[in-house]
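Chain and residue survey
So you can see what is in the structure, the chains are spelled out below.
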Amino acid sequence: MDRLTTLVERFHLSVTGAEMDHANLLALADDQGQPSRIRFFARGLCNARDDEVVLFAAHVDWSGPSNPLLAALPDVVTLDLQPHQDTKALVFLMHQEALAKRCGAQSVVNRLGEALIVRLLRDQIEKGTTEVGLLAGMADPRLSRAIVAMHDQPGHLWSNADLAQQAGLSLSRFCEVFTRTVGETPMGYLRRWRLILARQDVMRGDRIERVALRYAYTSPESFTRAFRKAYGTAPSTLRS
């Protein structure tokens, strides 16, 4: 089960080198000048203490608050590189590319940066969290199966019973644990996920009728009502 690929594919991830006052990702070094940790500021720009050595700074753009996983992250995420030697090597390579400024360096930094962010998110999911939200749900091995099913097949006619079966829980237990952990009901999250994707598709120019059908709405009118309730405007205004 892959908990991240759909989110990475649906929300464009870009990592570019940046000056400190425009960065939200820092690679920090130890006393020997070797990569020691990564610090990502999910909301706002970065800061570093005077005694910290910054190897490089970058700006991460991952669709902002419309990305439910990014919105679920804590304000500051830190990854200690000592237990992750492969990720440490990745950061070292990014540092070398940023320093050398050879032809194509920015493209290399961007691709390596994408891999770095995925590894940082993977670490967050594996650690788990006590905060209510999507990250906590994805960290739960039972709930994550239902969440991935919704992410991968948003147009499927899911019911609570179907999702409970995905999670391997009884219906009542599933609804209780999901709501307590994620902070909204399974159907509430599914509706929100469908509308997030539908908004992307409408902004890309897809026809309202096709988008409504794609995400299991009974009619374009019912989709428009749900969209207006969520975003305060009709989907047709985004296309124009």
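Quick summary incoming for the structure in this document. (Residues numbered from 1 in each chain as written. Predicted model: local features only at pLDDT ≥ 70, side-chain atom pairs only at ≥ 80, totals over all residues. Heavy atoms only, no water.)

Observations regarding the layout of surface pockets
Counted as a void, the largest pocket has a volume near 210 Å³. If you go around the largest pocket, you meet 13 residues; those closest to its centre are G17, F56, A57, A98 and V109. Only β4 (53-61), α3 (85-100) and α4 (105-127) provide two or more residues apiece to the lining of the largest pocket. Ranked by the residues each element gives to the lining of the largest pocket, the list is headed by β4, at four residues. A breakdown of the residues in the lining of the largest pocket according to their chemical character gives nine nonpolar, two polar and two charged. Estimates place the volume of the second largest pocket at around 180 Å³. Lining the second largest pocket are M1, D2, R3, L4, T5, V8, V118, R122, I125 and E126. Those elements that place two or more of their residues in the lining of the second largest pocket are α1 (5-10) and α4. In terms of residues, the lining of the second largest pocket owes the most to one element, α4, which gives four residues. Within the lining of the second largest pocket, the residues separate by chemical class into five nonpolar, one polar and four charged. (1 Å grid on protein atoms, 1.4 Å probe; cavity = no way out; pocket = protein on both sides within 12 Å on 5 of 7 lines; lining within 4 Å. Points joined across faces, edges and corners; volume = space filled by probe spheres on them. Helix = DSSP H or I, 4+ residues; strand = E, 2+ residues; numbered from the N terminus. Nonpolar A, V, L, I, M, F, W, Y, C, P; charged D, E, K, R; others polar.)

Thoughts on the sheet that holds strand β2 (residues 25-29)
Overall, antiparallel pairing links the five strands, which are arranged β1-β4-β2-β3-β5 in an open sheet. This sheet does not close on itself; its edge strands, each paired only once, are β1 (14-17) and β5 (76-80). Here the strands of the sheet are splayed against their neighbours by 25 degrees on average, with no regard to which way each runs. The strands that α4 touches are β1, β2, β3 (35-41), β4 and β5; relative to β1, the one it contacts most, it runs at about 125 degrees. (Pairing = 2+ DSSP bridges. Axes fitted to C-alpha atoms, helices over the stretch in contact; angles between N-to-C directions. Contact = heavy atoms within 4.5 Å.)

Quick look at the packing of helix α6 (residues 143-152) against helix α8 (residues 171-182)
Orientation of α6 relative to α8, taken along the N-to-C sense of each, is 80 degrees, at an axis distance of 11 Å. In this view, α6 runs roughly perpendicular relative to α8, as classed from their interaxial angle. Residues L143, A146, I147 and M150 of α6 pack against F174, V177, F178, T181 and V182 of α8. Looking at side-chain class alone, the contact of α6 with α8 contains eight nonpolar, one polar and no charged residues. (Parallel < 35°, antiparallel > 145°, perpendicular 65-115°, else oblique.)

With respect to the pattern of salt bridges
Considering all chains together, one arrives at 16 salt bridges under this definition. Measuring nitrogen to oxygen at the nearest pair gives 3.1 Å for the salt bridge that ties K127 to D123. With K127 and D123 both in helix α4, this residue pair falls four residues apart, about one helical turn. Since its relative accessible area comes to 55%, K127 is described here as exposed. Among the salt bridges present, the one from R180 reaches E176, with a minimum N-O distance of 3.3 Å. Of the two residues, R180 and E176 both sit in helix α8, four residues apart, roughly one turn of that helix. Take E176: its relative accessible area is 43%, and that puts it in the partly exposed class. (Salt bridge = Lys/Arg side-chain N within 4 Å of Asp/Glu carboxyl O. Buried < 20%, exposed > 50% of the residue type's maximum accessible area, 1.4 Å probe, protein only.)

Quick look at the packing of α6 against helix α7 (residues 160-167)
Packing of α6 against α7 brings their axes to within 7 Å, and their N-to-C directions diverge by 125 degrees. In terms of orientation, α6 lies oblique with respect to α7. Both α6 and α7 take part in a crossing whose hand is right-handed. Residues R145, A146, A149 and M150 of α6 pack against L163, Q166 and A167 of α7. Here the residues of the contact of α6 with α7 are counted per class, giving five nonpolar, one polar and one charged. (Left-handed = near helix turned anticlockwise from the far one by under 90°.)

Here's the deal with the pairing of β5
Only one face of β5 is covered, namely the face carrying V77 and L79; the face carrying V76, T78 and D80 is uncovered. Relative to β5, β3 is paired through five bridges, and the arrangement is antiparallel. The partner of I38 across the bridge, within β5, is L79.

Some words on the nonpolar core
In terms of nonpolar packing, the biggest core is built from 65 residues, with L25, I38, F40, L69, F174 and F223 touching the most fellow members. A total of nine residues in this core trace back to one element, the largest contributor, which is helix α9 (residues 186-204). Excluding its chain neighbours within four sequence positions, the residues that come into contact with I38 are L25, L26, A27, V77, T78, L79, L81, V91, L116 and L120. One finds A23, L26, F41 and C46 within the second-largest nonpolar core, a separate group that totals six residues. (Core = buried A, V, L, I, M, F, W, Y, C linked by side-chain atoms within 4.5 Å.)

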